[in-house]
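Letter by letter, the chains look like this.
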Protein chains: 4
Amino acid sequence: MKETLIKNVGKNVKPRKPVLVVGLPGIGLVGKLAVEHMVKELKAERIAELYSPHFPHQVIMRKKGTLRMLRNRFYYWKNPKKGESDIIFLVGDVQALTSEAQHEVCGKILDYFIKMRGKRIYTLGGYGVGKMVESPKVFGSATSKELVREMSKKGILFGKANGSIIGAAGLLLGLGHLRGMEGLCIMGETHGGYVDAKCAQSVLKVLSSVVGIKVDLAKLEQRAKESERFMKKMEKEAGKQKELQGMPESGLSYIR
Amino acid sequence: MKETLIKNVGKNVKPRKPVLVVGLPGIGLVGKLAVEHMVKELKAERIAELYSPHFPHQVIMRKKGTLRMLRNRFYYWKNPKKGESDIIFLVGDVQALTSEAQHEVCGKILDYFIKMRGKRIYTLGGYGVGKMVESPKVFGSATSKELVREMSKKGILFGKANGSIIGAAGLLLGLGHLRGMEGLCIMGETHGGYVDAKCAQSVLKVLSSVVGIKVDLAKLEQRAKESERFMKKMEKEAGKQKELQGMPESGLSYIR
Amino acid sequence: MKETLIKNVGKNVKPRKPVLVVGLPGIGLVGKLAVEHMVKELKAERIAELYSPHFPHQVIMRKKGTLRMLRNRFYYWKNPKKGESDIIFLVGDVQALTSEAQHEVCGKILDYFIKMRGKRIYTLGGYGVGKMVESPKVFGSATSKELVREMSKKGILFGKANGSIIGAAGLLLGLGHLRGMEGLCIMGETHGGYVDAKCAQSVLKVLSSVVGIKVDLAKLEQRAKESERFMKKMEKEAGKQKELQGMPESGLSYIR
Amino acid sequence: MKETLIKNVGKNVKPRKPVLVVGLPGIGLVGKLAVEHMVKELKAERIAELYSPHFPHQVIMRKKGTLRMLRNRFYYWKNPKKGESDIIFLVGDVQALTSEAQHEVCGKILDYFIKMRGKRIYTLGGYGVGKMVESPKVFGSATSKELVREMSKKGILFGKANGSIIGAAGLLLGLGHLRGMEGLCIMGETHGGYVDAKCAQSVLKVLSSVVGIKVDLAKLEQRAKESERFMKKMEKEAGKQKELQGMPESGLSYIR
């Protein structure tokens, strides 16, 4: 595998005017928690899996003795309201780590979405402030002034977040814009040092308003804990194996 | 050489229903020791060599004054039992170090095995626990529930190992599965900080049962010591030369 | 996006005997400040934008709530003097970080300039001396002895700067020379540890003399402060987000 | 420039049965000093220059105010003895730094040499021992037993050096052997922490014997000093500029 691969699974779908909603791992796991919760509550349908040579070269052992590759997944939700946009969700274990890799993976995601005639992308994430936040604000940054105007009514603060958006949450919008799409990043204020279910709740409420879909938030906190446990286990194992690697640079280490 | 190269050596072979058994350097050298021992005991025949631009850019000086590149090697063992699977073994000095490189090398290995109409892969390795182990358990992780069921009878513990499998032992199975193959990783519990011949013995017994071949274990410990000596020498030299490199980042260091 | 992309914006232009003047971020921001100032004073016209997978994978949030990708920009200035060279300016947020990336980006810039039948390149930058400089000298280094001779009359000191020129300011000239162009790097003596508007003024005066265009320097210092503020904010944010990333190497960090 | 480029300069040559003699920067600068000395003493003719995107992205400022790219160079020496081998020399500023880059550059060098119907390669280098050496031994490692036998008569010790040969001195031989060439690495025992002209003298004597050409050693020490000065200046500058770079990882550092 030399390039990122998106593999269709399940049945073929023909989304109407789809929007892409992205929640990949990032600061405070905010985007991932929020979007995964919505996927589950809406019982969205799995339609594709994304594998990449730019993801870490490891497979995950599952409880029942099987293993699987690291991946991102696309889900499809058919909007029951006539004329309204269907939704494509993108969630996953991991993002690529280097610039070149992020550009390659995001390019493939955009190819996939463009084939569906998608025009609009929402990415979710955390905005790290390095301190505890009582009631998290939700910031936004968009690809056009028109979208800023449109979204300012949804409880999103524009022009208040500083600096840059690192990773797919920003790059998908920037690259998408170059290819004629519009996009919005929805960021919840968060400490940054831990998994933040409360912040995920805040951005999820805003997302609900943006896409016009209500979701029950009852199970969000529980799911956040599961996610945290999964990610922590992964990290701990990765750390342990790394430590056991000994001399990673020698290329001849027998402890890998 | 811009891509990994697999070069046939020796005579052409036509394996019947081959399984691939992989023992590359990794935690405690467990997989490498076990598979190399089986290759020697079975007097398996060398059929191909693998060279890669992703392996370290160094050549090994041998005792008699000759040098050779770092490589992996394929061996072929013809199963004398009628109707049973022949075995292709893969062993070697080294694994690739980055994700992209691992994906490229594993892809070439799978191409090679698929050309032989191979369908099943066994990879062997160590499962580092960071402490001494009296009698090493043997864990397994497989690409399907059916294989888990089949292999549970062979003394392999499923669902007991946590986290992820890093490197070719995992990635060959994950990528192979994407291409229609089934696979099993057999991991022996080991400290992780040293070469573990006893653990190699444990996984070798399990492998024997899995492939239905008995091998004499008498020489395993001696071979483990040779392997350890070889790897240590390599590492020591690599370390020494690295140290002498001085400023590796300047690109103008005259100590390389 | 797998390769650097140069996208035309605005109207098509047909520069006469164009020279390329390059001011990308570098030591003391000297080149960037000087060239951006000239672009603004001359009201040069934006003609193209450069995006690269080798630039950091982040987008910049602007004050009004919109976002944009990191980029370089080309500007065009039509020389009102008959028979004189038009000027193409190149300025931007960032340079590529690795050798391979710099070669790719510089190659694309040269392709673009060669299509315009460009023959001569001036790059501007700082020459770090690690101490405060009262009245900064301006050093030069050129691709041919003829150019050294020609430029020695312009107040540029040749043969006084030592060592090497790192980044696009040097590589564009070296690669351009291989493709038949001539070039000159104009470097102002600067501390190196801070943004140096005074040094930018010195190199700008020399550039004015070299291209035969006078520019008002009144607003340079104020613009330098804005540039410094922008770059500092970017860095601070990048640093903060980096810090929040936690374990960047695990590939499974949930803090990205 | 996406690939390493070898550019012919000077007149076309048709070497007879050429051998390639390689002295690139490495431990103690031994190989570079020895081969550059021979090139100068023999007044070998420059025939080609090698540029690579894998070399550091910097240009060198020369004393007279001109600049040049980092490069390697090929020289040709016509053997006056009838029927004897002509020699192609390869010397240069720098080697590539990563495995993939070394494989690409060495591949291009071999392509170039194969076009000349070259069959044999000698590489020269230092063998670092980490301590002062009174009278440096000269070790060898070759691609075949036949060559070991042939060269044992020339005062080269085989089977005495341990470990691996890092960089082009080893890789050119390994990759060359895969493509049907034979090769020998001649290594002089050296401390490793400084430029070692005495060691260069020892390997040069051996090389003289190997290729059957006498060279005057009088100027070697003086040239070694010049080389050392050049490399040190480069390194110092590179270090200084690096230091001034500030935050090299942020990608937005304005101090480059």
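Residues numbered from 1 in each chain as written. Chains lettered and ligands numbered in written order. Predicted model: local features only at pLDDT ≥ 70, side-chain atom pairs only at ≥ 80, totals over all residues.

### Re the overall build of chain A
When helices and strands are tallied, chain A shows six helices and 12 strands. The globule rule puts the C-alpha radius of gyration for 256 residues at 18 Å, and the 18 Å found for chain A is close to it. Summarising its shape, the C-alpha atoms of chain A cover approximately 60 × 45 × 35 Å along the three principal directions. Looking at chain A residue by residue over its 256 residues, the buried ones come to 56%. In chain A, the proportion of contacts linking residues at least 24 apart, taken out of those at least 6 apart, comes to 73%. (Helix = DSSP H or I, 4+ residues; strand = E, 2+ residues; numbered from the N terminus. Rg over C-alpha atoms; globule rule 2.2 N^0.38 Å. Buried ≥ 20, exposed ≤ 12 C-beta atoms within 10 Å, placed from the backbone. Contact = placed C-beta atoms within 7 Å.)

### What to know about the arrangement of the chains
Of all C-alpha pairs spanning chain B and chain C, none lies closer than 10 Å, and the two are not in contact. No part of chain A reaches chain D; the closest C-alpha pair between them is 10 Å apart.

### Here we look at unusual backbone geometry
At L29 of chain C, a residue that is not glycine, the phi angle is positive and equals roughly 55 degrees. You can see L29 of chain C is positioned in the loop between strand 2 (19–23) and helix 1 (30–41). The phi angle at R117 of chain D is positive, at roughly 65 degrees, despite the residue not being glycine. Residue position: R117 of chain D is located in the loop between helix 2 (99–115) and strand 8 (120–128).

### Side note on the packing of helix 2 (residues 99–115) of chain B against helix 4 (residues 168–178) of chain B
Residue and element names in this part refer to chain B. Where helix 2 meets helix 4, the closest approach of the two axes is 10 Å, and the angle between their N-to-C directions is 60 degrees. Taken together, the axis directions place helix 2 and helix 4 in an arrangement best described as oblique. Like other packed secondary-structure pairs, helix 2 and helix 4 cross with a definite hand, here right-handed. Only A168, L171, L172, L175 and G176 of helix 4 make contact with helix 2, whose side of the interface consists of Q102, C106, G107, I109 and L110. Along the lines of polarity and charge, the residues of the contact of helix 2 with helix 4 split into seven nonpolar, three polar and no charged. (Axes fitted to C-alpha atoms, helices over the stretch in contact; angles between N-to-C directions. Parallel < 35°, antiparallel > 145°, perpendicular 65-115°, else oblique. Left-handed = near helix turned anticlockwise from the far one by under 90°. Nonpolar A, V, L, I, M, F, W, Y, C, P; charged D, E, K, R; others polar.)

### Focus on the sheet that holds strand 11 (residues 164–166) of chain D
Note on sheets: strands pair through backbone hydrogen bonds, and any given pair is parallel or antiparallel. The antiparallel open sheet is built from three strands, whose spatial order is 5(B)-4(B)-11(D). Each end of this open sheet is capped by a strand with a single partner; those strands are strand 5 (67–69) of chain B together with strand 11 of chain D. Averaged over all adjacent pairs, the angle separating strand axes in this sheet is 30 degrees, with direction ignored. Pairing of strand 4 (residues 58–61) of chain B with strand 5 of chain B, which is carried by three bridges, proceeds in the antiparallel orientation. When the bridges of strand 5 of chain B are listed, V59 of chain B appears paired with M69 of chain B. Sheet contacts for helix 4 (residues 168–178) of chain D: strand 4 and strand 5 of chain B together with strand 11 of chain D; angle to strand 4 of chain B, the most-contacted strand, approximately 80 degrees. (Pairing = 2+ DSSP bridges.)

### Section: the pairing of strand 3 (residues 45–51) of chain D
All names here are of chain D. In this sheet, strand 3 lies alongside strand 1 (residues 5–8) in antiparallel orientation, the contact comprising four bridges. Each residue of the ladder has a partner; that of N8, found in strand 3, is A48. Examined bridge by bridge, strand 3 and strand 6 (residues 72–77) share five bridges and lie antiparallel to one another. By the bridge assignment, E45 is partnered in strand 6 with Y76.

### Some words on the environment of L50 of chain A
Residues and elements named next belong to chain A. Relative to the assigned elements, L50 resides in strand 3 (residues 45–51). Judged by the 20 C-beta atoms lying within 10 Å of it, L50 falls in the buried class. Spatially, the C-alpha atom of L50 lies 5.0 Å from that of N72, the residues being 22 residues apart in sequence. Residues within four places of L50 in sequence aside, it is in contact with T4, I6, R71 and N72.

### Some details on helix 4 of chain D
Residue and element names in this part refer to chain D. In terms of burial, helix 4 is largely enclosed, as 10 of its 11 residues are buried. Taken together, the buried positions of helix 4 are occupied by A168, A169, G170, L171, L172, L173, G174, L175, G176 and H177. Phi for G180, located one or two positions after helix 4, is positive at around 95 degrees.

### A closer look at the sheet that holds strand 6 (residues 72–77) of chain A
Residues and elements named next belong to chain A. One open sheet accounts for nine strands, arranged 1-3-6-7-2-8-12-9-10; its pairing is mixed. Edge strands, defined here as strands with exactly one partner in the open sheet, are strand 1 (5–8) and strand 10 (157–158). Of the strand pairs in this sheet, strand 9 (residues 138–142) and strand 10 are connected by two bridges, and their pairing is parallel. In the sheet register, F139 faces strand 10, and the bridge partner there is L157.

### Focus on the environment of Y122 of chain A
All names here are of chain A. Mapped onto the fold, Y122 is located in strand 8 (residues 120–128). Measuring from C-alpha to C-alpha, the distance between Y122 and C199 comes to 17 Å, with 77 residues separating the pair along the chain. Those residues in contact with Y122 that lie beyond four places of it in its chain are V19, V21, V22, L184, I186, L207 and V210.

### Let's talk about the packing of helix 1 of chain C against helix 5 (residues 197–211) of chain C
Residue and element names in this part refer to chain C. Close contact between helix 1 and helix 5 brings their axes to 8 Å; oriented N to C, the two are set at 55 degrees. Taken as axis vectors, helix 1 and helix 5 run oblique relative to one another. Crossing geometry of helix 1 relative to helix 5 is assigned as right-handed. Mapping the contact onto sequence places V30, L33, A34, H37 and M38 in helix 1 and A197, C199, A200, V203, L204 and L207 in helix 5. When the residues that make up the contact of helix 1 with helix 5 are grouped by side-chain class, the tally is 10 nonpolar, one polar and no charged.

### Digging into the confidence of the model for chain A
Residues and elements named next belong to chain A. Counting all residues, the mean pLDDT for chain A is 90, and 91% of those residues have values of 70 or more. Counting contacts from residues 244–256, a segment whose pLDDT is below 50, to residues more than four positions away or on other chains yields 38 contacts. Complex prediction metrics read pTM 0.92 and ipTM 0.90. (pLDDT = per-residue confidence, 0-100.)

### Some remarks on the pairing of strand 9 (residues 138–142) of chain B
All names here are of chain B. Burial within strand 9 is extensive, with five of its five residues counted as buried. Here strand 9 shows a buried face lined by V138, G140 and A142 and a second buried face lined by F139 and S141. Sheet topology note: the strand 9/strand 12 (residues 182–190) ladder contains five bridges and is antiparallel. The partner of S141 across the bridge, within strand 12, is C185. At this point the chain moves from strand 9, through helix 3 (residues 145–152), to the parallel strand 10 (residues 157–158), and the crossover so formed is right-handed. (Right-handed = clockwise from strand over helix to strand, strands pointing away.)

### Here we look at the environment of I114 of chain B
Within the secondary structure, I114 of chain B is located in helix 2. Placed 96 residues apart in sequence, I114 of chain B and P18 of chain B show a C-alpha to C-alpha distance of 9.8 Å.

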